[in-house]
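# A look at the structure
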Amino acid sequence: MSESGYKLRIAQSLIGRGKVSRRDFIHLGLAAGLTVAASDQIFVTVARAQPQQGGFAKLGMAHGATTDSIDPAGYPDTFTQTAFSGAMSNGLTEVNAKGEIQPDLAESFESSNAAKTWVFKLRKGVTFHNGKTVTAEDVVTSMRYHMGGDTKSAAKSLLESVSDIKADGPETVVFTLNSGNADFPYIMSDYHFVIMPSVDGKADWASGSRTGAFVLENFQPGVSAKLKRNPNFFKNGRPYLDEVEFIAITDLAARMAALSTGEVDYIGRADLKTLGMLKRNPKIEIIEVTGYGHYTLPMNVTMAPFDNPDVRMAMKWAINRQEIADKIFLGHATVANDNPIAPAIKFYKNPVPQHRFDPEKARHYLKKAGMEKLKVDLSVADAAFAGAVDAAALIRETAAQCGIEVNVIREAEDAYWDNIWLKKPWCASYWSGRATADWMFTQAFAAESSWNESFWKNPRFNELLVQARAETDEAKRAAMYGEMQQLTHDDGGSIVLVFNNFVSAKSKKLGHGDIAPNWENDGLKMAERWWIAQA
Amino acid sequence: MRLNSVAKTVLQRLGLGLITLFIVSIIIFSAVAMLPGDFAKATLGQSATPETVAALQHEIGLDRPPVERYFSWVGKMLKGDFGSSFASRTGYRRTVAEIIAPRLYNTIFLAVMTALIAVPLALGLGIVAALYRNSWFDRVVNTVTLTTISFPEFFIAYMLAFLIISRDTFAGTEFAQSLPAWLAISINWTLNVVPKFPTLANINDETPFWDHVWRAALPSITLTLVIVAHMMRMTRAAILNMLSSPYIDMARLKGMGPMVVVVRHALPNAWAPIVTVVAFNLAYLIVGVVIVEVVFVYPGVGQLMVDAVRSRDVPVVQACALVFAAAYILLNLIADIISIATNPRLLHPR
Amino acid sequence: MTSAEPLIQTTRAHRVRRTRRSRMRMALKNAPLSAWFGMGVILCYVVIALFAPLIAPYRETQVFSEAFAPWSHEFTFGTDQLGRDMLTRLIYGARNTIGIAFITTTFSFAAGMTLGLLAAMYRGWLDQLLSRAVDVLMSIPSLIFALMLLSIFGSSIPSLILIIALLDSTRVFRLARAVGLNVVVMEYVEVAQLRGEGPVWMLRKEILPNVLPPLIAEFGLRFCFVFLTIAALSFLGVGIQPPSADWGSMVRENATLITYGDVTPLLPAGAIALLTVAVNFVVDWFLHSTSGLRDEK
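What you see is a predicted model; the values in this text were computed from it and never measured.

Rules used throughout
Residues numbered from 1 in each chain as written. Chains lettered and ligands numbered in written order. Predicted model: local features only at pLDDT ≥ 70, side-chain atom pairs only at ≥ 80, totals over all residues. Heavy atoms only, no water. Helix = DSSP H or I, 4+ residues; strand = E, 2+ residues; numbered from the N terminus. Buried < 20%, exposed > 50% of the residue type's maximum accessible area, 1.4 Å probe, protein only. Contact = heavy atoms within 4.5 Å. Areas by Shrake-Rupley, 256 points an atom, 1.4 Å probe, with all protein chains shown as cover. Buried area = accessible area lost by both parts, 1.4 Å probe. Salt bridge = Lys/Arg side-chain N within 4 Å of Asp/Glu carboxyl O. Polar contact = N/O pair within 3.5 Å; in protein donor to acceptor, adjacent residues only side chain to side chain. Nonpolar A, V, L, I, M, F, W, Y, C, P; charged D, E, K, R; others polar. Phe/Tyr/Trp six-rings, centres within 6.5 Å; stacked < 30°, edge-to-face > 60°. Lys NZ or Arg CZ within 6 Å of the ring centre and 35° of its normal. Core = buried A, V, L, I, M, F, W, Y, C linked by side-chain atoms within 4.5 Å. Expected span 1.5 Å × (residues − 1). Arc of directions from axis to C-beta. Axes fitted to C-alpha atoms, helices over the stretch in contact; angles between N-to-C directions. Parallel < 35°, antiparallel > 145°, perpendicular 65-115°, else oblique. pLDDT = per-residue confidence, 0-100.

## Re the overall build of chain C
Of the regular secondary structure elements, chain C holds 11 helices and zero strands. From first element to last, N terminus to C terminus, chain C shows the α and β order α-α-α-α-α-α-α-α-α-α-α. The 297 residues of chain C split such that 52% are buried. Considering only residue pairs separated by 6 or more positions, chain C has 72% of its internal contacts joining residues 24 or more positions apart. Accessible surface, chain C as shown: approximately 13200 Å² in total, 67% of it carbon and sulfur.

## Points about the interface of chain B and chain C
Between chain B and chain C, the residue contacts involve 48 residues of the former and 48 residues of the latter. The contact between chain B and chain C buries some 4300 Å² in all, and 78% of this surface belongs to carbon and sulfur atoms. Where chain B packs against chain C, one counts zero salt bridges. Put simply, chain B and chain C have zero residue pairs in polar contact (both at pLDDT 80 or more) between them. Sorting elements by how many residues they give to the side of chain B that touches chain C places helix 1 (residues 2-34) of chain B first, with nine residues. Here the residues of the side of chain B that touches chain C sort into 36 nonpolar, eight polar and four charged.

## Description of the packing of aromatic side chains
Residues and elements named next belong to chain A. Enumeration over the complete set of coordinates arrives at 44 aromatic pairs over all chains. Taken together, a centroid distance of 6.4 Å and an interplanar angle of 55 degrees make the contact between Phe445 and Phe461 tilted. Of this pair, Phe445 sits in the loop between helix 14 (437-444) and helix 15 (459-470) while Phe461 sits in helix 15; the two residues are 16 residues apart in sequence, bridging distant segments of the chain. Phe445 sits in the buried class, given a relative accessible area of 4%. One residue, Lys361, lies across the ring of Trp317, its end atom 4.8 Å from the ring centre.

## Overview of the nonpolar core
Phe154 and Ile239 of chain B together with Trp247 of chain C are the most contacted members of the largest nonpolar core, which has 158 residues in total. Here this core gets 15 residues from one element, more than from any other, and that element is helix 5 (residues 96-131) of chain B. Grouped together as the second largest cluster of nonpolar side chains are 148 residues, Val173, Ala435, Val498 and Ile532 of chain A included.

## Digging into helix 15 of chain A
Residues and elements named next belong to chain A. Taking 1.5 Å of rise per residue, the 12 residues of helix 15 would be expected to cover 16 Å, and the 18 Å separating its terminal C-alpha atoms lies within 8% of that figure. The complete set of buried residues in helix 15 reads Phe461, Asn462, Leu464, Leu465, Ala468 and Arg469. Looking straight down helix 15, one finds its buried side chains confined to an arc of 160 degrees; they lie on one side. Relative to its buried face, helix 15 has exposed residues pointing more than 90 degrees away, namely Pro459 and Val466. Considering only its buried residues, helix 15 is in contact with helix 14 and helix 16 (474-490).

## What to know about the packing of helix 13 (residues 258-287) of chain B against helix 16 (residues 314-342) of chain B
All names here are of chain B. The interhelical angle for the contact between helix 13 and helix 16, taken along N-to-C directions, is 170 degrees, at an axis separation of 9 Å. Of the possible angle classes, the one that applies to helix 13 and helix 16 is roughly antiparallel. Of the residues in helix 16, those touching helix 13 at Pro268, Trp271, Ala272, Val275, Thr276, Ala279, Leu282, Ala283, Ile286 and Val287 are Phe324, Ala327, Tyr328, Leu331, Ala335, Ile338, Ser339 and Thr342. Residue composition of the contact of helix 13 with helix 16, grouped by class: 15 nonpolar, three polar and no charged.

## Comments concerning the confidence of the model for chain B
The predicted model of chain B averages 84 in pLDDT, with 96% of residues at 70 or higher. Here helix 8 (residues 174-178) of chain B stands out as the element of chain B with the lowest mean pLDDT, 72, in contrast to helix 5 of chain B, whose mean of 92 is the highest.

## A word on the interface of chain C and chain A
With 26 residues of chain C in contact, the opposing surface of chain A contributes 22 residues. Summed over both sides, the interface between chain C and chain A buries roughly 2000 Å², with carbon and sulfur atoms accounting for 57% of that surface. Here chain C and chain A share one salt bridge between them. Summed over the shared surface of chain C and chain A, the result is two residue pairs in polar contact (both at pLDDT 80 or more). For the side of chain C that touches chain A, the class distribution of residues is 11 nonpolar, 10 polar and five charged.

## Considerations on the pattern of salt bridges
Residue and element names in this part refer to chain A. Tallying each qualifying case throughout the model produces 36 salt bridges over all chains. The partner of Lys525 in a salt bridge is Asp104, with the nearest N and O atoms 2.9 Å apart. One end of the pair, Lys525, is in the loop between helix 17 (520-523) and helix 18 (526-529); the other, Asp104, is in the loop between strand 3 (101-103) and strand 4 (106-112), and 421 residues separate them in sequence. Neither Lys525 nor Asp104 differs from the other in exposure class; each is buried. The salt bridge partner of Asp358 is Lys361, with a shortest N-O separation of 3.7 Å.

## Some thoughts on the environment of Leu166 of chain C
All names here are of chain C. Along the polypeptide, Leu166 turns up in helix 7 (residues 157-184). We classify Leu166 as partly exposed; its relative accessible area is 40%. Placed 55 residues apart in sequence, Leu166 and Ala111 show a C-alpha to C-alpha distance of 8.1 Å.

## What about the environment of Met77 of chain B?
Residue and element names in this part refer to chain B. With respect to the secondary-structure elements, Met77 resides in helix 4 (residues 66-78). Separated by 242 residues in the primary sequence, Met77 and Ala319 have C-alpha atoms spaced 9.6 Å apart. If sequence neighbours within four positions are ignored, Met77 has contacts with Phe82 and Leu322.

## Section: the environment of Arg215 of chain B
One can find Arg215 of chain B in helix 10 (residues 209-215). Assessed through its relative accessible area of 14%, Arg215 of chain B is described here as buried. Within the structure, Arg215 of chain B has its side chain in polar contact with the side chain of Glu263 of chain A (distance 3.2 Å).

## Describing unusual backbone geometry
Residues and elements named next belong to chain A. Here the amide bond leading from Ala304 into Pro305 is cis, since omega sits at 0 degrees, within 30 degrees of zero. At the junction of Val352 and Pro353, the peptide bond is cis and its omega measures out at -10 degrees in the coordinates. Mapped onto the fold, Pro353 is located in the loop between strand 15 (333-335) and helix 11 (359-368). In this structure, Ala115 is a non-glycine residue whose phi angle is positive, near 60 degrees. Considering the arrangement of structural elements, one finds Ala115 in the loop between strand 4 and strand 5 (117-122). For Ala115, a relative accessible area of 4% corresponds to the buried category.

## Concerning the confidence of the model for chain C
Residues and elements named next belong to chain C. Here chain C averages 79 in pLDDT, and 85% of its residues register 70 or above. Highest mean pLDDT in chain C belongs to helix 5 (residues 124-138) (90); lowest belongs to helix 1 (residues 4-30) (55). Low confidence marks residues 1-16, where pLDDT is under 50. Its contacts with residues over four positions away, or in another chain, come to seven contacts. Across residues 292-297, where pLDDT falls below 50, the model places 24 contacts with residues more than four positions away in sequence or in other chains. Interface predicted TM-score (ipTM) for the complex: 0.83; the corresponding pTM is 0.82.

If you want it as structure tokens, here you go:
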């Protein structure tokens, strides 16, 4: 290798750290015998692939309301989640791009006593934005904020199995659970469980002083939130950006236009209908990640006619999932099989047979249930998920071919979760998905769960659920989860239509690594993980 | 004598206005109370449990009976306190006043900016159309303005946004490639003459004045297209009506030019209906622009109120409704005063 | 006085009958091209709305495999986001949209006109009460109020019609009252009053015929505003129940496609615009020929 070639390689590695300017690099490239265009191309490619320090990114979020606040009891949508949980705060653990759990504010964690006791060791010397050092006491008060009778936290039910939390010295926190849970660290990665400073024994969320990569500078609820880099952030080199601004753009068309005209550098939840036009723009890239989120149509198995398993089976065969994936989600969804566990999740096993649209089978099960014809009401609103009303229109047409008359009722979007979900015999619902099979099953399928949306109480399923949770032998666990997935598929009351993809779009000037599948916006942590690539 | 009776009318109307505001507050309060769900259930959404809902209801006082809540609100209101948003928590108070103030400023900013464009434009077009009635100009103006009010507002807004996007993308579309080259080039050129207005009118309290104007350009143009037709047609009709009066014939006979006749003689007497329509449209600019706010992400009061209704944030809904009602009442009052001032006969309506 | 009275009455009745009939004929003969165009368009829409099932190539909710199919022989205007034939949806949309708008406007006129004219006739406390009630309703932003009411009562078609009709009738009330006030002070009304005619008779025989022209013109305009209101409501998430086709919702569903350079969303928007322009042409001509002055939107 010539001397200039050698220099060029060193320079390439320096670009990543932002130490070589474009102009200097092109000079080196010319010396090494490259053309200006070629060395420029190398510079751009390397620069994009390597994290760069500095810059200001404007991120368009699909949500945002004037009632938003930095209170972690809430965080109802992607605006608050990405800006206040992801960018401003940290939990004990986080999920990485491969979907694996890893320590975040904790340095390590381990379990004992058949996964009933969990010990989290904190990183040393981490400080809040106000300069105070993070102690085990802060962790305990932050967690207690979501527990107890008078909490207003939406995450209360996640900690229901926790019987005790205590600090063991300044850097160790011990959780004691009622029953073993091998996946407890995953629960700690939930976006509500951010660590806040403890003031007089109470979690102080209102000051906004957290541990995250960014410090809140200006927040106008329902409009925007501006954050600047935390110079004392505990992860080396991160964050890359100097400043981020989250902008609430709830109207789809407005969001698409804002990205097209360069008003923002990123938008969450891109419009699938006009994605084709966006792709034509050379400055824009589409990001698509298959997540854990799924759309369901829960049937209340305690009410007629859904108390009959054959009727449930007939319904499952009367729906054209592929058509829904193609038309409602324009192909940006993966057909599901009445199993809420996403393919990317550990212990996933696809039940057999694959449920698809088959009028013969639907009629067969209907006959088995002693019926020729069936008339059912389906309550939907786009509040359940965008496209629910259209999906119901498609189901109405396919079910009609099986002798099932589906009467679609469009419910009010307001208060949908309050008045329709868990109340009407058959409705539409959405789950953003959980990182583990146990978590998902415990919340939406366990007999005693208040969100058991189909009111399904299968004894075998519930027995397996408790056993599998505390089982540490991976092979046995896999077998148990496999059986449970088959049970929800065969007997369960939830029709799982499709798994959604997170489709977002960004300007090419934003760079990023692999994207986490657990939540939207790179696991809500895009502000911490992304950078502005030069050029 | 005349001034006195004008003052009396104004006072009377203001009194009636206060009563109206009071009734509006009762109606809005009951309507929000009748909406399914409440703030606690709406914010907790899918993840609500009975205990968390009860705890939240207790904190914001929703566990008290509605009548009691209403009167405590009225009590505070009379002392000039708009109360706190339900989004407040212990140690983190968010007063309604501080939530509404910047939004109201934005709303008024957009309304004034639009009015400064739309009203002179409408009057000018209306006068010229009346002067050259049934000419091609009259017809074109009529048809174009009619067409713009025939489209839903959001549609006009999207079309304008599309125009801005097309500046960059038009040349690459299949449509452009299917056109003859000279046409494609000239369309592209025309598109590039259009300033690159921002499609996102997100502004905050730090936005400098001229930047605010620049960002509010597209919403303002959309609203102008929506309201010009109505005002322009009224101006035209009122002037035409006046032009058929005998005193105008007189003025014409005296040899005055048509423009002079319109501006000096017809217009002063045609003010009453024009002012009424202008006031109506200004009221619309303040009260009715929620859709344009949503499409351009402009943080105004309309969007705030829709948001607050969705989340059942009663104090904010109430305050927004009162602001809107007050704006409506005041603008109508001003319009009446101007009408009376220009045509004293209206003081004693039959 | 007693001898003069029948004379006045007969001459008046004669004049009205003769002039109205001949005026109609005269006006039609002299109607400008724009008015003819407007009437033609309205007639077409009415025929399409009435005979939708016979004209439409497919069923209203029939779904085909291809969504967003291009324009072709099979699907004249392509298919929509679910693969329903666009032309069929447009034709049924005419039926639903025009039907709903017509019923709504009729209700709002029935209520607004009756109350407005009664207020004008009786004045006094009835007028005060109704006028103040209308003031209150008008000072609440109507779109947001409609949104709240629809959330309370559910967005079914009957509640949609009643709520929009209620909010719209305030404007009709104002106009009817204003026009009515001008008429009730006319001599012939006072004469009838002196003669001791009952209120219903007075309303039907004396007042109504004389306030009708501006109100009919207003009917045309309000009719158009109703679609725009429905479109705006469906933009805010409450509107017509699917799978019924309606132009306002169709524009909303496909609006973002404009940025895709697709003209499909222009079709329902164009259908609305064409009808509005047509109605306005007819109204303009009608007002012109009855030489009334239209005020208030």
